[in-house]
Amino acid sequence: MPRNVVVVMLDSLNRHMLGSYGGTEFDTPNLDGFARRATRFTRHVTGSLPCMPARHDLLCGALDFLWRPWGSIEIWERSITADLREAGITTMLVTDHPHLFETGGENYHTDFGGWDYVRGHEGDPWKTWLDPSWMGVPAPPAAGGGWFLERRFGQKAPSIDRAYDRTRTHFRHEDDFPGPRTMSAAASWLGQAQASREGSRWLLVVDEFDPHEPFDSPSRWTGLYEDEPWSGERLIWPPYVVGGRSGGHLSDAEGRHIRANYGAKLSMIDHWFGRVVEQLDAGSMWEDTAVIVCTDHGHYLGEQRAVGGERVDIWGKPMVPQFEPLGHIPLLIHWPGGAGGGVCDALTTTVDLHATLCDVFGVSAAHHTHGVSLVPLLAGTSTSVREWALGGVYGNWVQVTDGRSKYARGPEGDNFPLSMWSNRWSTMPIHVRGVTELPLPDGRAVLDRMPGSDVPVIRQPFAAGDALPFWVGRGPVGQHHLFDIDLDPDELENRTGEVGEREMIDLLCTALVAVHAPGEQFERLGLS
C-alpha cells in the first residue's frame with residue numbers, strides 16, 4: 001500500500017475538456033502530464049450531487065441524496081478523517097471552498113488534523129467593501145452576480161449577493177487569487193511533509209474550488225480563448241438555465257465568451273496545479289505517495305441535450321438529469337509501483353474513493369457506507385469492482401448505470417411521497433432574498449432510523465403545496481431517459497420504451513434495495 005495519499009479535488013472539472021481525455025479546446029498541460037504517470041479511469045461517474053453531497057460521498061463514503069439534500073455530516077456518521085485521527089494518521093485540508101465554512105458544510109473540516117482556509121472565493125464573505133483604490137487590475141470590470149436574473153426578470157429579479165464581486169477588487173496580482181494561493185499552500189505543506197517524512201503517515205486533501213465560477217482570471221489568462229474581442233463588462237458568472245441561446249436568453253457571442261472564460265480559468269488552475277506536481281518531484285514523493293485527481297461534477301457550457309422533448313443548450317447546473325458533460329467525470333490516480341499512462345475501463349464512482357482511502361490506511365467506517373475499494377483495480381488483481389452506480393440530486397431524477405447504459409428515472413405522479421431525514425437540518429445558503437432554502441420540521445415529523453444506525457433521526461414528510469427544500473426539482477415528473485453511452489455518447493437517442501428500459505428499471509430497483517433506500521423512493525419513482 002502507499003504510505004501517504006494526496007487527493008486533489010478540482011470543482012466543476014469537465015472531463016471532455018482535458019487533453020488526457022481527448023479535449024482540444026483548452027490547454028491543460030500539467031493535468032495531462034500527470035495523467036501520463038497515472039491510471040486514467042474512463043467510466044467514473046457522479047454519485048450524490050451537487051458540491052457538498054459529493055464531498056459527503058468522498059469523506060463519509062455514503063450516498064445521501066436519497067435521504068436529504070445538501071447538508072452537514074450527521075450525528076450517526078463521521079468523516080474518514082476522524083477514523084484516521086484515531087489511527088494516528090496525520091490529515092491536512094487545504095482549500096478555498098467557501099461551502100466548507102458555512103451552514104450546510106460547516107463540519108466537514110473539523111476532524112482534519114489541520115486545515116488552511118484560503119479566503120475570497122465565490123460566496124465567501126471575506127470583504128465587506130469594495131476597495132476604492134481598485135483600478136481594474138489585474139482583472140477587467142465584470143458584470144455583477146445578478147446580471148442574468150436581472151436580464152430575464154427585470155425589476156422582479158430576486159436580489160442576489162455575490163461576495164466575490166467585492167473581493168475581486170482587492171486582488172493586485174495573479175497570486176492573490178484564491179486558486180493560486182491554494183495550490184501554493186498545498187505545495188508548501190508537501191514540502192513540510194517531506195522534511196518530516198520520518199514521522200507519521202499522512203493524507204492531504206486539496207479541495208480547490210476552481211474552475212468553478214466565477215470564471216474570473218487575471219490578465220495573462222483573460223481572453224486567452226476568445227475568438228473575437230470582447231467589449232464591455234466580462235461575464236464571469238455563468239447562467240443556470242435550460243435553453244440559454246435557444247430560448248433567446250443568451251446571444252451566441254455571450255455563450256462563446258462564457259465558455260472561453262471557463263477555459264481561461266481551467267488553464268490557470270492547471271498551471272498552478274503544476275506547483276503541486278513540482279513539489280512531489282522535488283521531494284521524490286511519487287515512490288510512496290498515491291495521488292488522486294478528481295472532481296465532484298462537470299459544468300454545462302452550452303452542450304445540447306433533449307429536455308422535455310426538445311433539444312436545447314444547457315448552462316450551469318440546472319435541474320436536469322446528469323447528462324454526460326456533468327455526470328461523466330475524470331479520475332486520475334497515480335499509484336506507487338504502477339505503470340503510468342494506464343487506462344481503467346471499470347465502472348467507478350465517488351464513494352469508491354472513500355473505500356479506497358480506508359483500504360490504504362487500514363481503517364473502516366462504523367456507519368453504513370456504499371463504496372468499493374479501487375485498490376484491486378490499481379494493483380491489477382481485478383478488472384471490475386461494481387456492477388452498477390447510483391447518482392442524483394435530492395428530489396429529482398434517480399440515475400443508475402452499468403457503465404454502458406444509463407437510466408435516469410423521474411418521479412411519477414406529483415413527486416411524492418418525499419421525506420427529508422436529518423438531525424442537523426442545514427443546507428447551502430443561497431444568498432437570494434425571498435427564497436426559502438429549507439423549511440423547518442413541523443408537526444408531521446417523526447423519529448425514524450437510518451440504515452445500520454440506532455440513532456433516532458428526524459424524518460419530515462413533504463406533500464403537494466408545501467414549501468420544499470431548495471434543491472427539489474419541479475419539472476422531472478414522468479420524464480425518463482435511457483441512453484447507450486458506448487453507442488451514443490452525445491445522448492441523441494432516448495431509448496425509453498424499448499426492451500432495455502425494463503432491464504434498467506430492474507437494475508435501478510436492485511441498486512435501491514442494496515443501499516437500503518427509503519421505501520417511499522420506490523413509490524415516488526413509480527417502482528412499487
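Our structure's up above, just so we're on the same page.
Note that this is a predicted model, so its numbers are computed, not measured.

**Digging into the sheet that holds strand S12 (residues 342-349)**
Here we have 8 strands laid out as an open sheet, ordered S5-S4-S6-S1-S8-S11-S2-S12, and mixed in their pairing. Single-partner strands in this sheet number two, and they are strand S5 (114-117) and S12. Averaged over all pairs of adjacent strands, the angle between strand axes in this sheet comes to 15 degrees, irrespective of strand direction. Pairing of strand S8 (residues 289-294) with strand S11 (residues 331-334) involves 3 bridges; the strand directions are antiparallel. Following the sheet pairing, Val293 is matched in S11 by Leu332. Across the face of the sheet, helix H9 (residues 351-361) comes into contact with strand S1 (4-10), strand S6 (202-208), S8, S11 and S12 while running at roughly 165 degrees to S1.

**What about the packing of helix H2 (residues 51-60) against H9?**
In contact at an axis separation of 6 Å, H2 and H9 are set at 25 degrees when each is read in the N-to-C sense. As the angle between them shows, H2 and H9 are arranged roughly parallel. In this structure, H2 meets H9 at a crossing whose hand is right-handed. From H2, Asp57, Leu58, Leu59 and Cys60 reach across to H9, where they touch Val351, Leu353 and His354. Counted by class, the contact of H2 with H9 contains 5 nonpolar, 1 polar and 1 charged residues.

**Observations concerning the environment of Thr348**
In this fold, Thr348 is placed in strand S12. Assessed through its relative accessible area of 0%, Thr348 is described here as buried. Separated by 277 residues in the primary sequence, Thr348 and Gly71 place their C-alpha atoms 24 Å from one another. Once residues lying within four places of it in the same chain are set aside, the contact partners of Thr348 are Phe41, Arg43, His44, Val45, Leu331, Leu374, Leu377 and Arg386.

**Side note on unusual backbone geometry**
Across the junction of Leu49 and Pro50, the peptide omega takes the value 0 degrees, indicating a cis bond. As for its placement among the helices and strands, Pro50 is situated in the loop between strand S3 (48-49) and H2. Phi is positive for Ser12, which is not a glycine, with a value near 60 degrees. Considering the arrangement of structural elements, one finds Ser12 in the loop between S1 and helix H1 (29-35). Positive phi outside glycine occurs at Asn415, with the angle close to 75 degrees. When you line up the elements, Asn415 lands in the loop between strand S15 (405-409) and strand S16 (418-421). For Asn415, a relative accessible area of 4% puts it in the buried group.

**Let's talk about empty space enclosed by the protein**
In total, this model carries 5 cavities of 30 Å³ or more according to the counting rule given. Of the volumes computed, that of the largest cavity is approximately 50 Å³. In terms of lining, the largest cavity is formed by Met9, Arg55, Leu58, Leu59, Leu93, Leu100, Tyr108, Phe112, Val205 and Asp207. Elements with a minimum of two residues in the lining of the largest cavity: H2 and S6. Here the element with the most residues in the lining of the largest cavity is H2; it accounts for 3 residues.

**A look at the layout of surface pockets**
Counted as a void, the second largest pocket has a volume near 550 Å³. If you trace the second largest pocket, you find 29 residues lining it, with Arg15, Glu324, His328, Ile485 and Pro489 closest to the centre. Where the lining of the second largest pocket is concerned, the elements lending two or more residues are strand S2 (39-45), strand S9 (300-307), helix H8 (324-327), strand S13 (389-393) and strand S14 (398-401). The residue inventory of the lining of the second largest pocket, partitioned by class, reads 8 nonpolar, 11 polar and 10 charged.

Criteria and thresholds
- Residues numbered from 1 in each chain as written.
- Predicted model: local features only at pLDDT ≥ 70, side-chain atom pairs only at ≥ 80, totals over all residues.
- Heavy atoms only, no water.
- Pairing = 2+ DSSP bridges.
- Helix = DSSP H or I, 4+ residues; strand = E, 2+ residues; numbered from the N terminus.
- Axes fitted to C-alpha atoms, helices over the stretch in contact; angles between N-to-C directions.
- Contact = heavy atoms within 4.5 Å.
- Parallel < 35°, antiparallel > 145°, perpendicular 65-115°, else oblique.
- Left-handed = near helix turned anticlockwise from the far one by under 90°.
- Nonpolar A, V, L, I, M, F, W, Y, C, P; charged D, E, K, R; others polar.
- Buried < 20%, exposed > 50% of the residue type's maximum accessible area, 1.4 Å probe, protein only.
- 1 Å grid on protein atoms, 1.4 Å probe; cavity = no way out; pocket = protein on both sides within 12 Å on 5 of 7 lines; lining within 4 Å.
- Points joined across faces, edges and corners; volume = space filled by probe spheres on them.

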